[in-house]
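# Analysis of the macromolecular model
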Amino acid sequence: MGDTISELRERLLEAAGTIGAEEALFEVQKYPRETISVSLPIRRDDGRMQTFKAWRCRYDDTLGPTKGGIRIHPDVDSDEVRALAFLMTVKCALMGLPFGGAKGGIEADPRALSEAERERMVRAFTERLAWVIGPERDIPAPDMGTGPMEMAWIADEWGAIHSRHARHVVTGKPPVLGGLAARDTATGRGAYHVLEALRGTLGLGDGDRRIALQGYGNGGRAFARAAVAAGWRLVAVADSRGMALAEGGLDLDALDAAKAAGNSVAAADGARAAPADAILGIDCALLVPAALGHQVHTGTVGALDCRAILEIANGPVSPDADIALRERGIAVIPDILANAGGVFVSWLEWQQGRSGMPLAEAEAERLLAEAMRDRARAVATMADRLDTGLRRAAYAVAAERLVEGIRARGACAYARS
Ligand code: NAD
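The structure contained in this document is the topic of the report that follows. Note that this is a predicted model, so its numbers are computed, not measured. (Residues numbered from 1 in each chain as written. Predicted model: local features only at pLDDT ≥ 70, side-chain atom pairs only at ≥ 80, totals over all residues. Heavy atoms only, no water.)

### A closer look at the side chain of Glu34
For the record, the criterion: Counting from the N terminus, the helices are the DSSP runs of H or I reaching at least four residues and the strands are the DSSP runs of E reaching at least two. Under this definition, polar contacts are N or O atom pairs within 3.5 Å; protein pairs additionally need one hydrogen-donor-capable and one acceptor-capable atom, and for neighbouring residues in sequence, both atoms have to be side-chain atoms. Residue contacts are counted whenever heavy atoms from the two residues lie within 4.5 Å of one another.
Inspection of the secondary structure assignment puts Glu34 in strand 1 (residues 34-43). Polar contacts involving the side chain of Glu34 include one to the side chain of Arg58, which spans 2.5 Å. For Glu34, the contacting residues outside a window of four places in its chain are Arg56, Cys57, Arg58 and Arg137.

Below, the structure is given as structure tokens:
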């Protein structure tokens, strides 16, 4: 569970108020532009039919075609999909991308499905939504429970239905089909660049460079690699099954070996094991939640022993806990900035597919670093200007761009009375 749509909208409207934007402008995106609900009857490997619920929400397309991942998770529902689509709208605006926001969800446990069953499910999702998905209209990407293989199936199915190849219909594809290898690590590496850009402002990392990381998946792992290579020390990491501790710094290869063997990070060589939920109370300079929403809430915020939080997960801090953190002087680098590296590299991949001109991986990495540092500085400048925290400042930067877009399109796009 993460922030609800009303909590997120409240944040945007509050930030819009601080920059003098009229709330009335945001009336045009009070509700999602469309949320499509579909059923996916799938033949299981044993011959049974089973039907799953799925949704695609295109929240707002003021700034361009809608963009957002597809999540396969047993707890996903239409409210969560709408909230995440709203978050994508704000994130793309903050990053200055020519995209609106969308999200898709399939209510299923991907680990309980064989690869063939997942393929039938993803192809059925694409077939049901082939009229919505499109390279200039709505462009999916991976999210929890999906990855490059699922994106390849979407591109293939969409191409078969529309009788054409359009490599920019989906991002996060395998490199051989027009993906960028940089996409896989972009969220974690992007978060690292944001951290480096804000380090001075936050007074972080000069003496104490200890990090505690919750979640060792796609985002958390790439972040850990980049941060440790730059001299930060990973003293604790948790996954869903346990925590690994080493005051002198964890060995990332040992963590990867434990995961590759199908174990928890707690089983890594040279690490001390502890329960997963103790991660939030670890004494460190920087706590990095990179797993689930609302992990830091009113019940857990008192246990925190860090100087700052870098949000790689979407919505890991509840709004009430956010207030408590401000009172305690713990800075929060917000999700819409910290984890936007993935959608930024998705934009590069989309451009590559659209133009047919391959982009060198080194160039993709350079552009990612430049963009994340630039956006982090823009947010810090806004925070100074408004004398506020980084979260409200990030929403204010996004609100400025959305307001400009809504005003610019207003006459023709929204005044069809
Ligand atoms: P993932 O599935 O690859 O990894 C999730 C990790 O969290 C796993 O290590 C899992 O074991 C761990 N985890 C689950 N429950 C936990 C718990 N209770 N305690 C500790 N660890 C737990 O997912 P991901 O792609 O890395 O995404 C993680 C978060 O980052 C999500 O909130 C996602 O929305 C957000 N995010 C990811 C991307 C991306 O490109 N991967 C982009 C933007 C936002």
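### Overview of the sheet that holds strand 4 (residues 100-107)
Heads up, the rule is: DSSP-based pairing: two strands are paired if at least 2 bridges between them are found. Note on geometry: axes are lines fitted to C-alpha atoms, helical ones only across the stretch in contact, with angles between N-to-C directions running from 0 to 180 degrees.
Taken in spatial order, the five strands make up an open sheet running 1-2-4-3-5, and their pairing is mixed. Of all the strands in the sheet, just strand 1 and strand 5 (138-142) have a single pairing partner and so form its edges. This sheet shows a mean twist of 25 degrees between the axes of neighbouring strands, independent of strand direction. Here 10 bridges tie strand 1 to strand 2 (residues 49-60), and the two strands are oriented antiparallel to one another. By the bridge assignment, Ile36 is partnered in strand 2 with Arg56. Packing of helix 2 (residues 78-94) onto the sheet brings it into contact with strand 1, strand 2, strand 3 (66-73) and strand 4, and relative to strand 4 it is tilted by some 155 degrees.

### Structural notes on the site of the ligand
Spelled out, the test is: A cutoff of 4 Å decides nearness: a residue is near a molecule or strand if any of its heavy atoms lies inside that distance of it. Working definition of accessibility: Shrake-Rupley area with a 1.4 Å probe, residue cover restricted to the visible protein chains. Just so you know the grouping, Ala, Val, Leu, Ile, Met, Phe, Trp, Tyr, Cys and Pro go in nonpolar, Asp, Glu, Lys and Arg go in charged, and all remaining residues, Gly too, go in polar.
Neighbouring the ligand are 20 residues, the closest being Thr187, Tyr216, Asn218, Gly219 and Asn314. Within the backbone of Gly217, an N or O atom sits 3.4 Å from an oxygen atom of the ligand. Separating an oxygen atom of the ligand from a backbone N or O atom of Ala291 is a distance of 3.1 Å. Within the complex, the protein chains bury 79% of what would otherwise be the 830 Å² of accessible surface of the ligand. Secondary structure elements with two or more residues in the shell around the ligand: helix 5 (182-202), helix 6 (218-229) and strand 7 (233-239). In terms of residue class, the shell around the ligand is made up of eight nonpolar, nine polar and three charged.

### Observations regarding the nonpolar core
Let me state the cut-off plainly: Throughout, nonpolar core names a set of buried Ala, Val, Leu, Ile, Met, Phe, Trp, Tyr and Cys residues whose side chains join them through atoms within 4.5 Å. Burial classes: relative accessible area under 20% of the type maximum marks a residue as buried, over 50% as exposed, and values in between as partly exposed (1.4 Å probe, protein chains only). The domain boundaries here were taken from an automatic or database domain assignment.
Ranked by internal contacts, the top residues of the largest apolar core, which has 94 residues, are Phe26, Phe223 and Leu255. Both domains that furnish three or more residues to this core are identified here as domain 1 (5-168) and domain 2 (186-333). Not counting residues up to four positions away in its chain, the partners in contact with Leu255 are Tyr216, Leu234, Val237, Ala244, Leu250, Val265 and Ala268. Counting 26 residues, the second-largest nonpolar core is a separate cluster that includes Ile36, Ile42, Leu129 and Trp153.

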